[in-house]
Structures are given as structure tokens and as C-alpha cells.
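Secondary and tertiary structure notes
The primary structure of each chain is shown beneath.
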Amino acid sequence: MERNVAWTTYTDKDLKKLETISKNYIKFLDSGKTERECVTEAIRLSEKHGYRDFAEVIAEGGKLKAGDCVYSNCMGKAIMFFKVGRQPIEKGMNIVGAHIDSPRIDLKQNPMYEEAGLAYLDTHYYGGIKKYQWVAMPLAMHGVVAKKDGTLVNIVIGEDPKDPVIGISDLLPHLAADQMGKKGSLIIEGEALDVIIGSKPAKTDDDKDKDAVKNAVLAILKEKYDIEEEDFLSAEIEIVPAGGAREFGLDRSMIIGYGHDDRVCAYAQLEALFDISDIPEYTICCILADKEEIGSVGATGMSAKYFENAVAELINATGDYCDLKLRRTLAASRMLSCDVSAGFDPLFAGVFERKNSAYLGRGVCFNKYTGRGGKGGSNDANAEYMGALRKLMEDAKVNFQTAELGKVDQGGGGTIAYICAAYGMNVIDSGVAVLSMHAPWEIISKADLYEAVKAYRAFLVNA
Ligand code: MN
Ligand code: MN
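Read on for an overview of the structure. (Residues numbered from 1 in each chain as written. Chains lettered and ligands numbered in written order. Predicted model: local features only at pLDDT ≥ 70, side-chain atom pairs only at ≥ 80, totals over all residues. Heavy atoms only, no water.)

Only D261 (OD), E293 (OE), E293 (OE) and H438 (NE2) from the protein coordinate the manganese ion (ligand 2), and they sit 2.1 to 2.6 Å from it. Written as a sequence motif, the donor arrangement for the manganese ion (ligand 2) is D-x31-E-x144-H. The metal-metal distance between the manganese ion (ligand 2) and the manganese ion (ligand 1) is 3.4 Å, with D261 coordinating both. Residue D261 is located in helix α7 (residues 260–274), and its partner E293 is located in the loop between β13 (284–289) and α8 (306–318); the two are separated by 32 residues in the primary sequence. Taking relative accessible area as the criterion, E293 reaches 13% and is therefore assigned buried. (Donors = N, O, S within 2.8 Å, 3.2 Å for Na, K, Ca; no water. Helix = DSSP H or I, 4+ residues; strand = E, 2+ residues; numbered from the N terminus. Buried < 20%, exposed > 50% of the residue type's maximum accessible area, 1.4 Å probe, protein only.)

Before going further, it helps to examine the pattern of salt bridges. Between side chains of opposite charge, a pair can form as their charged atoms come close. Applying the stated criterion to the full structure yields 25 salt bridges. A salt bridge links R104 to D106; its shortest N-O distance comes to 2.6 Å. Pair check on accessibility: R104 and D106 agree, each one buried. Between K214 and E229 there is a salt bridge; the shortest N-O distance is 2.9 Å. You can see K214 sitting in helix α6 (residues 212–225) and its partner E229 sitting in the loop between α6 and β10 (235–241), a full 15 residues away along the chain. A relative accessible area of 10% means that K214 is categorised as buried. (Salt bridge = Lys/Arg side-chain N within 4 Å of Asp/Glu carboxyl O.)

This paragraph deals with the sheet that holds strand β11 (residues 246–248). Read across the sheet, 3 strands follow the order β11-β12-β22 without closing on themselves; strand pairing throughout is antiparallel. Both outer strands of the open sheet, β11 and β22 (442–445), are each paired with one neighbouring strand and no more. Strand-to-strand, the axes of this sheet are offset by a mean angle of 35°, without reference to chain direction. In this structure, β11 lies alongside strand β12 (residues 254–257), joined through 3 bridges in antiparallel fashion. Across the sheet, residue E247 finds its bridge partner in β12, namely I255. Along the sheet, helix α1 (residues 12–31) makes contact with β11, β12 and β22, crossing β12 at roughly 0°. (Pairing = 2+ DSSP bridges. Axes fitted to C-alpha atoms, helices over the stretch in contact; angles between N-to-C directions. Contact = heavy atoms within 4.5 Å.)

Take it as geometry only, folks, not as evidence of what the structure does.
See below:
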């Protein structure tokens, strides 16, 4: 039952392709550190491959035929790509879906304050993080400020080598006797994740000005971005690790980066999608969803109706719409819910069950179920579906493994799988194994990325 180490199966041609994909993935990670940036980058890449904005096609009352490629942008934070197939759409679509939001630290709506000569931004973290991992390291701020007049200001500070970075302080060990005795979740508390952004007071006649440092930083923001303090009321600013993804290991076999969960699967999907130049048999769909890390909620999370609405529009644009056709299309579809899996970590072997763990370098991972405590909250995929996928993967010479998330009753997690399964389609989780998942810097194997691309391509074309 032991699975192949993918590396041992590669020809020189494979290794060359693997390195090219890895290089392009690192670029993708660096240009997409927020869900919005990922959508922008995905659109840019898709337009190079002939994808058009579906909203424009719809506005013109245009029709789509087999081979046509469109994208449907949901509020700039989630996106779907479709390539129309030869078969009638009611025969179902081949769907791959990942999420492009990652754990991070968000600014509060009223974030700025000054204390003891330091200016701070107050935050509320997003997703499941170990708060103590985010202190004492360079951080960057990415996001948008929506001004009252409707203009949207894009902000990226801390990525250009000439930029300053920001960050959160930690306590020196000399004074940490109390702190070191606390349990992990309390070493750094949520309200202590405040970001230092300045220490130099503005020149002022009033030497009792309690906000001189804060005001000096505000003047910089005013000059550079033309924003005022009140504009933070309508902003989405995310604090993320500063700097780029890079090769990891003396043998360069891995990649360390921020947001592998789940941008590694998102990128593998796009790479697979754009590599398909022929008209597919069944209509192909690639979903990049937002808000997975906080429960797939909100207008841009997978639980919203944008996917169903886009498929309704697709049915309308490729023929005549009726509700029954939409339901048949969704129920007849096949999906890979592409999300990362916990990589077996020998340093924490006790939380894993070795026979059913994902190992770095053993290929794309299928999780029949996720969930916690008796599979709670999981989409438990059908055996028949997994059987068909085994054949499909073997025919395409994809190295794959199967896993569940740790030992029974050790913890758990979920994905978007169950949401799409509610339409009656076959869905299974499939993704890349990650070390240090949800840490500021996560680690994957280049081989698993390569196998994910192969797996998703084979699935989109042949499922
Ligand atoms: Mn994920
Ligand atoms: Mn996650």
C-alpha cells in the first residue's frame, strides 16, 4: 500500500517541467498575497489564454459555443473560469475548486492609536493562526481603501526592497517568566497583535500633542495614497509576512512561502486549465473561492450563490435556460475540491497515523473525508467516485496518495467540498501536502505541486 516517491519516477523532461511550474508558482505567490491580488493575477494570466469577461458577453447579449473561454468575477475576491465543452451542459461539468484567502491579520475599522511614543495599528486576526508565530518578524500591508467618492485605493507596503516593513513586538526572554509559563494560545493574545508603524513625531508647536507620531504617519499616508484616518472605516487591509516565496532545502526540492494554503492548489488549477488548448468533451470549470478560512461565508465565500448564478448564465449563453437544466447540470457534475492536506511531520509524528498520512513528495493527495471527531462536518466521497478517479490517475501516470487529517480525535478541519456536494454532484478533496500549515511561512514539495497540475489537467480533460 506504500505510495511512490514521485521524484524517483521523473525523467529529465519531467524535472524541467517541474522547475518551470515551480518558478511560475513562486511568481504567482508573490503577486497574490490577498484574495483580491490573486483574482487580479488570475485574470491577467487567463486573458493571455483567450479568456473574456463573462459580464461583458452577457451585457452584449452574446452567446457562447464549444471552445469559448470566459471568467466570472465575483466582487474582485472570488472568480470562476469556464471553457465550454462539446457535450450538452446537462451532462455535467468537470470542476476544480480551490480557495484564495489565507490566514492573516486584518486591520480593525478604527485601527490607529499612539502609546508611549509608538504609533500602532490595531488588528483582528483572520482564520486559524497560532498568534505567537506572527510576532518579531517583518510584516507587510496589502489591501484596499474605499473612499467616500467611490475610488478604490490599492495599498502594498513592505514588498519592494526599498519599502519599509512593519511588525509586532514580542517580549524579551529576560522578562518572560510569566509569559513562558502560559499555554500556547495565551502566549500572545489576540488584542496584543498590534502592529508598530512609526516612532517619529511630527514637528509641532504643541509639545504636549499626544498624537504627534500617529499624525506624522497619517501625513505620510496622505501624501502617498491621499487617504485620511477616517478612510480606514471602509478599508480591507491585510497584514501578511513581508517578502517573497523561495526555494527551500539545500537540494531546492521544496518551496517556502506565505499562503500555500490554498494558493498552491489554486495555481495548479490555473496551470492545468491554461494548458488545455483543445475543445474539451465536457464543460470545464475552475473556481477560486474566498472566505474558506472563516467558514466559506459571506457574498464571496463558497456558500454564496455566485457559482450557481454563473452556471445559470452559462446555460443561458449556450442555449435556453430553464431551472431544471441548471439542477441537472449541477447534479451531473464531477468535482475535485482542491485544498491542501497536512504533511506528515516526523518531529510531530504523534498526531499522525502513518498509514493514512500525506507525505511530502509522494504526489497529489486524495482525502475521501476530512472533518473532525467521527468525520463531523466532512464530505465523505463515494467509493464509486474514488474508484473511477484511481483509474483516471493511473491512466494519466499521476503519482497520488491518500490521507486523512491526523489521528482520529486529534483535531480536524474542513474544505469547500461539502458545499458543492449539496447539489448532488460527486466531490472529493484533493491537494498538496503542507508542512507548518497556517504558519506565516508554509512548506510544500515541488513534486507535489507538479503532480497536482498533472492530476487536475487529467481530471478536467478526462473525467
Ligand atoms: Mn485550505
Ligand atoms: Mn486553511
